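Listed here are the chains, written in short residue letters.
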Amino acid sequence: MDVIPESVRAVLDVEVWAGTVGAWALALGIFLAVLAAGRLVVRVLHRRLQKAAKLTEQVLDDALVEAIGETRGWFYVALGLRLATGHLALPARLREVVDGLTMLAFLWQIGLWVGHLARSGVDDWVQRAGEDDAARRRTAAGAFKLTLRIVVWSVLLLVFLQNLGVEIGGLLAGLGVGGVAAALAVQNVLGDLFASLSIYFDRPFDVGDFVVVGDYMGEVDRIGWRSSRLRSLGGELLVLANSDLAKSRVRNFRKMFRRRVVTKVGVVYGTPHDTLRDAPGLLRESVEAVEGTTFERAHFQAFGAYSLDFEMVWHVEDRDYGSFMDKQQEVLLGIHRRFEAAGLAFAFPTQTLDFEGPVPVAPPAS
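Residues numbered from 1 in each chain as written. Predicted model: local features only at pLDDT ≥ 70, side-chain atom pairs only at ≥ 80, totals over all residues. Heavy atoms only, no water.

1. Considerations on the layout of surface pockets
Considered as a void within the structure, the largest pocket measures approximately 310 Å³ in volume. Along the walls of the largest pocket sit Gly 208, Phe 210, Val 212, Met 217, Glu 219, Leu 233, Phe 253, Arg 254, Arg 259, Arg 319, Asp 320 and Tyr 321, which together make up its complete lining. Breaking the lining of the largest pocket down by element, the ones donating at least two residues are strand 3 (210-213) and strand 4 (216-223). Residue composition of the lining of the largest pocket, grouped by class: 6 nonpolar, 1 polar and 5 charged. (1 Å grid on protein atoms, 1.4 Å probe; cavity = no way out; pocket = protein on both sides within 12 Å on 5 of 7 lines; lining within 4 Å. Points joined across faces, edges and corners; volume = space filled by probe spheres on them. Helix = DSSP H or I, 4+ residues; strand = E, 2+ residues; numbered from the N terminus. Nonpolar A, V, L, I, M, F, W, Y, C, P; charged D, E, K, R; others polar.)

2. Digging into the packing of aromatic side chains
Geometry of an aromatic ring pair is reported as the spacing of the ring centres plus the angle between the planes. Counting across every chain of the model gives 5 aromatic pairs. Between Phe 339 and Phe 346, the ring centres sit 5.4 Å apart and the planes meet at 15 degrees, which makes this aromatic pair stacked. By relative accessible area, Phe 339 is classed as buried at 0%. A network of ring pairs unites the aromatic residues Phe 300, Phe 303 and Phe 310 as a single cluster. (Phe/Tyr/Trp six-rings, centres within 6.5 Å; stacked < 30°, edge-to-face > 60°. Buried < 20%, exposed > 50% of the residue type's maximum accessible area, 1.4 Å probe, protein only.)

3. A short note on the sheet that holds strand 9 (residues 293-303)
Judged by pairing direction, the sheet is antiparallel, and its 3 strands sit side by side in the order 8-10-9 without closing on themselves. What marks the edges here is a single partner per strand, and that holds for strand 8 (259-267) and strand 9. The average angle at which neighbouring strand axes cross in this sheet is 20 degrees, direction not considered. In the sheet, strand 8 pairs with strand 10 (residues 308-316) via 9 bridges, with the strands oriented antiparallel. Opposite Gly 266, over in strand 10, you have Asp 309 as the bridge partner. With respect to the sheet, helix 11 (residues 279-288) is in contact with strand 8, strand 9 and strand 10, its orientation differing from that of strand 9 by roughly 155 degrees. (Pairing = 2+ DSSP bridges. Axes fitted to C-alpha atoms, helices over the stretch in contact; angles between N-to-C directions. Contact = heavy atoms within 4.5 Å.)

As structure tokens, this is what we get:
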């Protein structure tokens, strides 16, 4: 039994551009159904996964929940438009446009999903770092995110062009030639980028390290993909290209676990021999009396121009510069106290002139 009246059927069978009124009504219904159903399904799925993710400590499910939340409204519009127009006899050119827009929206949405998952993975990798490795991973995170973004969107662009009928092989060959030219044009920028990766993998320094690079010194404030910044002792910010840092000799004081100190002391000539022999022992006592130091050796080194020179080598078991200065001060004060008590006088530059008699004066010329 036909439930549609003849009058309504007659209206539905009326031909309108690219289809009948019934076909257009069906297309509209499909379009609205896709919009409503798509939003409803994604919303319900997002809520259920969100509840399930709270019960676990894994990061992957949290990233999936957030990625689903990245679904855009225009994705439903493009999908509904593609399914709805399937019942219409659209011109071939218009059909290609609709298919192209649908493919573009689909690939764009995939790029958003994959990009969010990649960023979440990198962020989790940074958060799982230990205290010593955190700065290094933060340094590399920016470069990794940029590289992943370029790779993902480049692949999706090639897939989109291939669906449009573009010959990918010839395009890649042309891009290869153009890439060489572009690389030559931006070789300095690329050099800094690769140098930043070299700094990450080689780890000559991390954020917070105190380094000396040539005539510059300071604490590493930030390591970027093109340049790194040092905060100097004077307070100003030094910006150095990563390529220059990779080629320079870098002295990293934070990697130093102990400081080797060479102390030289000169006493005056005329010091009694027995007193002179006591000097190395007094130097050793001065070091061993200070906690956090290690004595290595002390010797009578040389007959100087105006002093009898002793050399002592000792270590401070601390990399902090302020602690080193405090301990060195205590050692030097101890040397001064012990030498003074033993009758050892410190030498200083002097010059002695000896005259054996009056200097003869030549008679005036007649």
